[in-house]
Amino acid sequence: MVEGVRADLTVRQLRVPLGDLKSLAAVGPPPIDAVAALRRPEGVQVIAEIKRASPSAGPLAGVPDPAALAAAYEAGGAAAVSVLTEQRRFRGGLADLDAVRARVGVPVLHRDFVVSPYQLWEARAHQADLALLTAAATSGAELAVLVRLAEDIGLTPLVAVHTREDVVRAVAAGARLAVVSARDPRTLEVDRRTFAKLAAAIPDDVVRIAESGIRDAGDVAAYAAEGADAVLVGEALVTSRAPRRAVAALVAAGARRRPASHPPR
């Protein structure tokens, strides 16, 4: 997947010079405070994701109007909207990011396999508020550079982790938000015990987010009990016939239960 991302990135770099992206980023509106949006005392927040396909499940949904879907998510109570922009496996694109940003007032996450500073400038030029960084796809030094650059240009970096080693590198790099993926990025297998294993290793000042394998309100409640501040949900929402109600049900589940070991901060 990373090799494909690099190939597509080369094409975009030839088409749009870095200087143009920096100019666009400079004139755009200020980013929304994503940390404040995802860390609220009233309950576990929901990041609702827009994606058409995934490497593990294949095609999921057509999503002919990503802006309308994002609006439904927001109306259901989503605290943020994640937009898959990777083209080959997830069938996304930056046009989806533009459409969503123009429609919703909540923070928008640019989700791709970020391997170059160019992609962070790209995300900010398209008015994203957050950018996903993957600990497993970068060295510790590279991750630190990307985290620092993201923050310097106005993005909130959200670092994806799957192992204790990933957590150590994410914290050392200065991450303020960590998303614990239950899906092993190498095998694509899901182990829903992963969050519980890693939550205690994530400092209290870092927002803890759980993702992968979240199907219903019961899963959200379980992650809430394990210390999650937020959950990131994609497949269950894009395949729902009533995405607004589906998000609202997850939000309600998160509001009912708070972590016993990690009180509101």
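Bear in mind the structure is a predicted one, so any value in this text is a computation, not a measurement.

Caption draft 1: Focus on the overall build of the chain. Each helix and strand counted, the chain has 12 helices and 10 strands in total. C-alpha atoms of the chain, sized along the principal axes, occupy 50 × 40 × 35 Å. Classification of the 265 residues of the chain by burial places 54% in the buried group. Counting only contacts in the chain whose residues sit at least 6 apart along the sequence, the fraction spanning at least 24 positions is 69%. Accessible surface for the chain amounts to roughly 11,100 Å². Of this, 53% is attributable to carbon and sulfur atoms. For the chain, the distance from the average position of its 33 positive side-chain charges to the average position of its 30 negative side-chain charges is 3 Å.

Caption draft 2: Spotlight on the sheet that holds strand β10 (residues 230-233). Pairing in this closed barrel of 8 strands is parallel, and the strands run β1-β4-β5-β6-β7-β8-β9-β10 around the ring. Each adjacent strand pair in this sheet contributes to an overall mean axis angle of 25 degrees, direction not counted. Direction of pairing for strand β1 (residues 45-50) relative to β10: parallel, over a ladder of 4 bridges. By the bridge assignment for β10, Val46 is matched with Val231. On the sheet, helix α4 (residues 66-76) packs against β1 and β4 (80-84) and is oriented at approximately 165 degrees with respect to β1.

Caption draft 3: Structural detail: the pairing of strand β8 (residues 177-181). Buried residues dominate β8, accounting for 5 of its 5 residues. Neither face of β8 is exposed, since Leu177, Val179 and Ser181 on one face and Ala178 and Val180 on the opposite face are all buried. The handedness of the strand β7 (residues 156-161) to β8 crossover, carried by helix α8 (residues 164-172), is right-handed. Sheet analysis places β8 next to strand β9 (residues 207-211), joined by 5 bridges and oriented parallel. Following the sheet pairing, Ala178 is matched in β9 by Arg208.

Caption draft 4: Quick look at the packing of helix α6 (residues 117-125) against helix α7 (residues 140-152). The geometry of α6 relative to α7 is characterised by a closest axis approach of 10 Å and an angle of 25 degrees between their N-to-C directions. By the angle between their axes, α6 is roughly parallel relative to α7. When you trace α6 past α7, the crossing you get is right-handed. Contacts from Pro117, Leu120 and Trp121 in α6 reach Leu146, Leu149 and Ala150 in α7. Its residues assigned to classes, the contact of α6 with α7 comprises 6 nonpolar, no polar and no charged.

Caption draft 5: Inspection of the layout of surface pockets at higher detail. Of the voids in this model, the largest pocket is the one considered here, and its volume is about 670 Å³. Going through the elements one at a time, β6 (130-134), β7, β10 and α11 (235-238) are the ones with two or more residues in the lining of the largest pocket. The residue inventory of the lining of the largest pocket, partitioned by class, reads 16 nonpolar, 8 polar and 10 charged.

Caption draft 6: Seen up close, unusual backbone geometry. The residue Val63 is not glycine, and still its phi comes out positive at about 45 degrees. Examined against the element boundaries, Val63 turns out to sit in the loop between β3 (58-59) and α4. Even without being a glycine, Arg91 presents a positive backbone phi close to 60 degrees. Here Arg91 is to be found in the loop between β4 and α5 (94-103).

Caption draft 7: Representation of empty space enclosed by the protein within the structure. Under the definition given, this model contains 3 cavities of 30 Å³ or more. Roughly 50 Å³ of internal volume is contained in the second largest cavity. Forming the boundary of the second largest cavity are Gly4, Val5, Asp8, Arg12, Thr85, Glu86, Gln87 and Asp112. Grouping the constituent residues of the lining of the second largest cavity by class yields 1 nonpolar, 3 polar and 4 charged.

About the criteria used
- Residues numbered from 1 in each chain as written.
- Predicted model: local features only at pLDDT ≥ 70, side-chain atom pairs only at ≥ 80, totals over all residues.
- Heavy atoms only, no water.
- Helix = DSSP H or I, 4+ residues; strand = E, 2+ residues; numbered from the N terminus.
- Buried < 20%, exposed > 50% of the residue type's maximum accessible area, 1.4 Å probe, protein only.
- Contact = heavy atoms within 4.5 Å.
- Areas by Shrake-Rupley, 256 points an atom, 1.4 Å probe, with all protein chains shown as cover.
- Lys, Arg positive; Asp, Glu negative; His and termini not counted.
- Charge placed at Lys NZ, Arg CZ, Asp CG, Glu CD.
- Pairing = 2+ DSSP bridges.
- Axes fitted to C-alpha atoms, helices over the stretch in contact; angles between N-to-C directions.
- Right-handed = clockwise from strand over helix to strand, strands pointing away.
- Parallel < 35°, antiparallel > 145°, perpendicular 65-115°, else oblique.
- Left-handed = near helix turned anticlockwise from the far one by under 90°.
- Nonpolar A, V, L, I, M, F, W, Y, C, P; charged D, E, K, R; others polar.
- 1 Å grid on protein atoms, 1.4 Å probe; cavity = no way out; pocket = protein on both sides within 12 Å on 5 of 7 lines; lining within 4 Å.
- Points joined across faces, edges and corners; volume = space filled by probe spheres on them.

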